[in-house]
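Each chain is listed here by its residues.
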Amino acid sequence: MAATRLPGKPLADIGGAPMIVRVWRQAVAAEVGPVAVAAGDPEIARLIEAEGGRAVLTDPELPSGSDRILAALAELDPERRCDVVINLQGDMPFVPSEVLRACAGLLQDQPACDIATVVAPEASPADRGNPDVVKAVLSMAPDGRSGRALYFTRSTLHGEGPVWRHIGIYGYRREALERFNAAPPSPLERREKLEQLRALELGLSIWATIVDKAPISVDTPADLEAARAAAGNI
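Conventions we followed
Along each chain, residue indices are assigned from 1 in the same order as the chain's sequence is written. Predicted model: local features are reported for residues with pLDDT of at least 70 only, side-chain atom pairs are reported and counted for 80 or more only, and whole-chain, interface and lining totals are derived from all residues. Heavy atoms throughout the structure, all of them, feed into the side-chain values; hydrogens and water do not. Helix and strand assignments follow DSSP, with helices taken as H or I runs no shorter than four residues and strands as E runs no shorter than two, numbered in order from the N terminus. Note on exposure labels: buried denotes an accessible area under 20% of the residue type's maximum, exposed denotes more than 50%, and partly exposed covers the range between, all computed with a 1.4 Å probe on protein chains only. Here, two residues are considered to be in contact whenever any of their heavy atoms come within 4.5 Å of each other. Axis lines are fitted to C-alpha atoms, over the contacting stretch for helices. Their N-to-C directions set the angle, which ranges from 0 to 180 degrees. Should an angle fall under 35 degrees it is called roughly parallel, over 145 degrees roughly antiparallel, and 65 to 115 degrees roughly perpendicular, with every other angle called oblique. Left-handed describes a crossing in which the near helix is turned anticlockwise from the far one by less than a right angle; the clockwise case is right-handed. Under the convention adopted here, Pro, Cys and the residues Ala, Val, Leu, Ile, Met, Phe, Trp and Tyr are nonpolar, Asp, Glu, Lys and Arg are charged, and Gly plus all remaining residues are polar. Using protein atoms alone on a 1 Å grid, points that fit a 1.4 Å probe yet trap it form a cavity, whereas open point sets bounded by protein on both sides within 12 Å along at least five of seven lines form a pocket; residues with an atom within 4 Å of a point count as lining. Grid points are joined across faces, edges and corners, and a volume is the space filled by probe spheres set on the points.

J.: Tell me about the side chain of Glu 189, residues and numbers included.
T.: Secondary-structure assignment places Glu 189 in helix α6 (residues 187–192). For Glu 189, a relative accessible area of 10% puts it in the buried group. Excluding residues within four positions of it along the chain, Glu 189 makes contact with Pro 184, Leu 194, Glu 195, Leu 197, Arg 198 and Glu 201.

Below is the structure:
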């Protein structure tokens, strides 16, 4: 709720539904497992519960989304029955169900994968030099639709070949998530301001599945207006 660029954005109306409700509905529709909303604000939790969903109220002072996931898991699954968790950010109101299923599928198909994530082709040549666009450097699998991540960067990528935009959806093996959270920020993480680099420096294996187009992510008032326009066309 305290997002600096768009205060109160989880409750922002998009086509007649609050954004967090739309995200929750997309997660449920993917049918990859039980769905819960980990929220740092009681108004978000109340809204999801009024819709018939499960919400877990976590400490609003937690420093990151991965900390919030672990706090929610401790309440949702104290017996540790679940060994995989998918983290879908609450500002992606139209993420297709098949994207979440593909992310979960990587953990099933790649035994060496500790963390799964999602990439999409660059939206324009300007993406290559834009520091706000996080680029994933992948060693591609034979299927051409997934790859092992070698690095993530905000820097410009040169040379021939595709540029993959990283999308902030993660699937974690529970042990990998716990190991990641127990470690302090790494040198490369601090340098690039990208926490996934901590995982790579720890030796964890990250794989990415390729989707055709990056889902809309709402961070600014302009993004919100674009989402509202998209809702009118769905």
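J.: Quick rundown of the packing of helix α1 (residues 19–30) against helix α2 (residues 42–50)? Include the residues and the values.
T.: Angle between the axes and distance between the axes: these two values describe a pair of packed helices. The N-to-C vectors of α1 and α2 enclose an angle of 50°; their axes lie 10 Å apart at closest approach. Considering the angle they form, α1 stands oblique to α2. The handedness of the crossing between α1 and α2 comes out as right-handed. Residues Ile 20, Val 21 and Trp 24 of α1 lie in contact with α2, whose contacting residues are Ile 44, Leu 47 and Ile 48. When its residues are assigned to classes, the contact of α1 with α2 shows six nonpolar, no polar and no charged.

J.: Can you lay out empty space enclosed by the protein for me, pointing to particular residues and giving the numbers?
T.: A full pass over the atoms with the stated rule returns one cavity of 30 Å³ or more. Reported here for the largest cavity is a volume of approximately 40 Å³. If you go around the largest cavity, the residues you meet are Ile 115, Tyr 170, Tyr 172, Phe 180, Glu 195, Gln 196, Ala 199 and Ile 206. Looking at the lining of the largest cavity, the elements with two or more residues in it are β9 (164–173) and α7 (196–201). Tallied by class, the residues present in the lining of the largest cavity amount to six nonpolar, one polar and one charged.

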